[in-house]
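# Coordinate analysis (summary)
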Amino acid sequence: NGRFRINRTSDETYAHYHLYAVEGAFWAGIILQKEYLISAAFNGIQWILSRQLAATGGISRFYDNLGMAACPTRAFNNEPFESSDIIAQTLRLGVLFYNLDRLSYGLFGINTEKLELPKLPDLFRASIDSLAYRLLAYQHSDSQNPKAFGGFYYGSKLVTENLSVNVNYKGL
């Protein structure tokens, strides 16, 4: 179904590990010319995008055995916990898979003409836009502190609770 689990004995998924597996399978598939690896990566990005958090437009760090966003500790009352690195990883891979048809020949000097490269359906465009906007919500924009200005918060309950995000934003 596209999901990369923590290990063979668990049906839980950490998004960070999942996304690294997606990226690894994609690039291995491209370099080795193996469509089954590209297909596994494609299914993996669809799996995570289909579990985007409706309330914020972000991605949970953890998914339970049912594929539902959760928190692996009791620290946040089992509510989903986001972080900017996972949002950025998902955004990068979403943009890549959404635009594969534009990159189909000579991807980083690799001839991909013989491969059938998938493309995310247009229905995921809104998800990608929401991810971009959500990532920007984690950016530190207090110009009074030049050491932090432009940097990104990693993720915290405070950031997650206090950010108001229009997940229907279509401007990016």
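Treat the numbers as computed from the prediction; the structure is a model and nothing was measured.

Calculation rules
- Residues numbered from 1 in each chain as written.
- Predicted model: local features only at pLDDT ≥ 70, side-chain atom pairs only at ≥ 80, totals over all residues.
- Heavy atoms only, no water.
- Pairing = 2+ DSSP bridges.
- Helix = DSSP H or I, 4+ residues; strand = E, 2+ residues; numbered from the N terminus.
- Expected span 1.5 Å × (residues − 1).
- Buried < 20%, exposed > 50% of the residue type's maximum accessible area, 1.4 Å probe, protein only.
- Salt bridge = Lys/Arg side-chain N within 4 Å of Asp/Glu carboxyl O.
- Axes fitted to C-alpha atoms, helices over the stretch in contact; angles between N-to-C directions.
- Parallel < 35°, antiparallel > 145°, perpendicular 65-115°, else oblique.
- Left-handed = near helix turned anticlockwise from the far one by under 90°.
- Contact = heavy atoms within 4.5 Å.
- Nonpolar A, V, L, I, M, F, W, Y, C, P; charged D, E, K, R; others polar.
- Phe/Tyr/Trp six-rings, centres within 6.5 Å; stacked < 30°, edge-to-face > 60°.
- Lys NZ or Arg CZ within 6 Å of the ring centre and 35° of its normal.
- Core = buried A, V, L, I, M, F, W, Y, C linked by side-chain atoms within 4.5 Å.
- Polar contact = N/O pair within 3.5 Å; in protein donor to acceptor, adjacent residues only side chain to side chain.

This part takes up the sheet that holds strand β3 (residues 69-70). In sheet architecture, strand pairing relies on hydrogen bonds along the backbone and comes in two forms, parallel and antiparallel. The 3 strands lie next to each other as β1-β2-β3, forming an open sheet whose pairing is antiparallel. Bordering the open sheet on either side are β1 (13-14) and β3, each of which pairs with just one other strand. As paired elements, β1 and strand β2 (residues 62-63) share 2 bridges and run antiparallel to each other. Paired with Tyr-14 across the two strands is Phe-62, which belongs to β2.

Moving on: helix α3 (residues 84-98). Between the first and last C-alpha of α3 there are 21 Å, a value that for 15 residues agrees with the 21 Å anticipated at 1.5 Å per step. In terms of burial, α3 is a largely internal element, 11 of the 15 residues being buried.

This brings us to the pattern of salt bridges. Inspection of the entire model under this criterion finds 5 salt bridges. The partner of Lys-119 in a salt bridge is Asp-122, with the nearest N and O atoms 3.6 Å apart.

Time to look at the packing of helix α1 (residues 15-32) against helix α2 (residues 35-49). Remark: α1 packs on α2, axes separated minimally by 7 Å, with the N-to-C direction vectors making an angle of 150 degrees. Taken together, the axis directions place α1 and α2 in an arrangement best described as roughly antiparallel. Along this stretch, α1 crosses α2, giving a crossing that reads as left-handed. Facing α1, whose interface residues are Ala-15, His-18, Leu-19, Val-22, Ala-25, Phe-26, Ala-28, Gly-29 and Ile-30, α2 presents Leu-37, Ile-38, Ala-41, Gly-44, Ile-45, Trp-47 and Ile-48. Its residues placed into classes, the contact of α1 with α2 shows 13 nonpolar, 3 polar and no charged.

Despite not being glycine, Gln-33 has its phi angle at roughly 60 degrees, a positive value. One can find Gln-33 in the loop between α1 and α2.

Glancing now at the packing of aromatic side chains. As enumerated under the stated definition, the model contains 6 aromatic pairs in all. Residues Phe-26 and Trp-27 carry aromatic rings whose centres are separated by 4.7 Å and whose planes lie at 75 degrees to one another, so their mutual orientation is edge-to-face. Among the residues examined, Phe-26 registers a relative accessible area of 0% and is labelled buried. With a relative accessible area of 23%, Trp-27 lands in the partly exposed category. Chaining the aromatic ring pairs together yields one cluster made of Phe-26, Trp-27, Phe-42 and Phe-97. For Lys-119, the ring lying beneath its charged end belongs to Tyr-98, and the centroid distance is 4.0 Å.

We now examine the nonpolar core. One finds Phe-26, Ile-30, Ile-45, Ile-48, Ile-59, Phe-97 and Leu-120 to be the most contacted residues of the largest nonpolar core, which totals 33 residues. At the level of secondary structure, the elements contributing two or more residues to this core comprise α1, α2, α3 and α4 (125-137). Not counting residues up to four positions away in its chain, the partners in contact with Ile-45 are Leu-19, Val-22, Thr-90, Leu-93, Gly-94, Phe-97 and Leu-120.

Summarising the element assignment, Thr-13 is placed in strand β1. Judged by its relative accessible area of 0%, Thr-13 is buried. A distance of 3.2 Å separates a polar side-chain atom of Thr-13 from the backbone oxygen of Phe-4. Dropping the residues within four chain positions of it, Thr-13 is found in contact with Arg-3, Phe-4, Arg-5, Ile-6, His-18, Trp-47, Arg-61, Phe-62 and Tyr-63.

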